[in-house]
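Structural overview
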Amino acid sequence: MSVNKRRKYDRGEQESLYFDCYSDVSIHEEMISDKVRTNAYKLGILRNYAAIRGKVVLDVGAGTGILSIFCVQAGASKVYAVEASSICLQAVEVVKQNKMEDKIIVIKGTVETVELPEKVDVIVSEWMGYALMYESMLSSVIFARNKWLKEEGIILPSYAELFIAPIIDPTTEWRLDFWGKVKERYGVDMSCMEPFARKCIMNQEIAVNCVSGEDVLAHPVRFAELDLQVATKEEIGAIRGSFSFRCFGSDSMHAFSVWFTVAFPGEKPVLLSTSPFKEETHWKQAILYLSEAVQVIQDTEITGDIRMCPSEDNPRHLKIHMKYKVGEHESQEKTFRMGE
């Protein structure tokens with residue numbers, strides 16, 4: 001009797017699969033059509049014209065080259081647009097179409113393997129993944145900073161923060177109640193399905209969806225911050241934080257939600273936020289489901305610790321471990337994963 005097992009890819013195959021997904025037009029269409037993201041990058045780059053004008057820029061993970069073009073529009077004298085996927089061929093065409101081939105040099109390869117003829121004054125990169133750290137591209141930015149950035153150089157964006165809050169999920173609540181209502185609709189009692197449904201829905205997978213600000217049950221807490229000018233590979237490999245909330249009122253808590261902001265420096269800093277209280281982005285919010293819903297009331301205290309790190313099997317994937325306590329309930333631990 002044969003048993004099908006999920007194939008484990010070696011590191012080279014994992015990297016190849018990762019870059020292959022960026023060779024298709026769809027992911028670039030999604031990113032560029034995200035006007036909150038793209039406008040924040042454009043404004044953040046243009047407002048830093050004083051640091052960019054006449055300077056050399058490195059674009060890490062340049063994709064179709066749009067950020068490189070923003071840098072030239074801000075006055076950059078030269079941009080090295082480094083892109084490992086085959087989308088770099090389209091980046092070359094985009095650069096030519098915008099008549100910037102004398103200033104933008106597209107280089108195919110990973111930033112860890114390519115060689116540049118000089119050090120750079122500015123690094124720009126759109127490295128953020130779901131829950132900030134999915135895909136772990138930040139390590140490439142840090143590598144580029146350590147190897148290619150001049151001592152007085154800057155990184156755009158330069159700063160990141162992670163936030164967490166308890167939430168109610170109306171869709172999950174409806175799905176959990178569904179099996180108890182089948183009998184009144186169809187005359188068949190299927191309430192025994194409820195435990196199975198709960199196990200399937202409130203699992204260990206990090207979900208990505210839009211959270212309404214109305215469904216946030218307490219004031220969000222910032223649990224981590226990263227200064228890209230000084231952050232180390234060890235620091236981003238194990239991001240830790242703690243949280244403490246007091247709930248607004250009575251409701252069912254289904255999950256925690258995690259989101260991030262990144263900031264561009266300058267006299268008028270630009271903030272790109274993926275908060276549920278702000279305009280929607282393609283990152284949406286990450287959702288970490290409890291094993292079962294918990295009732296909370298006004299001022300119920302929720303405390304805990306959170307740790308984010310790459311998966312053991314694939315550093316591009318994400319693992320989040322949480323310890324938490326809701327009111328008088330016993331403390332719980334749960335490990336969540338994304339990408340596996």
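Residues numbered from 1 in each chain as written. Predicted model: local features only at pLDDT ≥ 70, side-chain atom pairs only at ≥ 80, totals over all residues. Heavy atoms only, no water.

The chain carries the name Protein arginine N-methyltransferase 6 in an unreviewed UniProt entry, which gives Pleurodeles waltl as its organism. Per UniProt, the chain has the following entry under Subcellular location (unreviewed entry): "Nucleus". (UniProt positions renumbered as here; feature names shortened; annotations may be inferred.)

1. Side note on the overall build of the chain
When helices and strands are tallied, the chain shows 11 helices and 15 strands. Against the globule reference of 20 Å for 340 residues, the chain gives a C-alpha radius of gyration of 22 Å, in line with a compact fold. With the C-alpha coordinates of the chain rotated into their principal frame, the extents come out at 70 × 55 × 35 Å. Residue pairs in contact within the chain that sit at least 24 positions apart in sequence constitute 75% of those at least 6 positions apart. Within the structure as shown, the chain displays about 17,200 Å² of accessible surface, and the carbon and sulfur contribution to it stands at 50%. Distance between charge centres in the chain, computed from 40 positive and 49 negative side chains, equals 3 Å. (Helix = DSSP H or I, 4+ residues; strand = E, 2+ residues; numbered from the N terminus. Rg over C-alpha atoms; globule rule 2.2 N^0.38 Å. Contact = heavy atoms within 4.5 Å. Areas by Shrake-Rupley, 256 points an atom, 1.4 Å probe, with all protein chains shown as cover. Lys, Arg positive; Asp, Glu negative; His and termini not counted. Charge placed at Lys NZ, Arg CZ, Asp CG, Glu CD.)

2. Describing the packing of aromatic side chains
In this structure the tally under the stated criterion is 9 aromatic pairs. Between Trp174 and Phe178, the aromatic rings sit 5.5 Å apart at their centres with planes inclined by 40 degrees, giving tilted as the arrangement. Placement of the pair is Trp174 and Phe178 together in helix α8 (residues 170–178), with a separation of 4 residues, close to one helical turn. Since its relative accessible area comes to 24%, Phe178 is described here as partly exposed. Through a chain of ring-to-ring contacts, the aromatic side chains of Phe243, Phe245, Phe256 and Tyr324 assemble into a single cluster. (Phe/Tyr/Trp six-rings, centres within 6.5 Å; stacked < 30°, edge-to-face > 60°. Buried < 20%, exposed > 50% of the residue type's maximum accessible area, 1.4 Å probe, protein only.)

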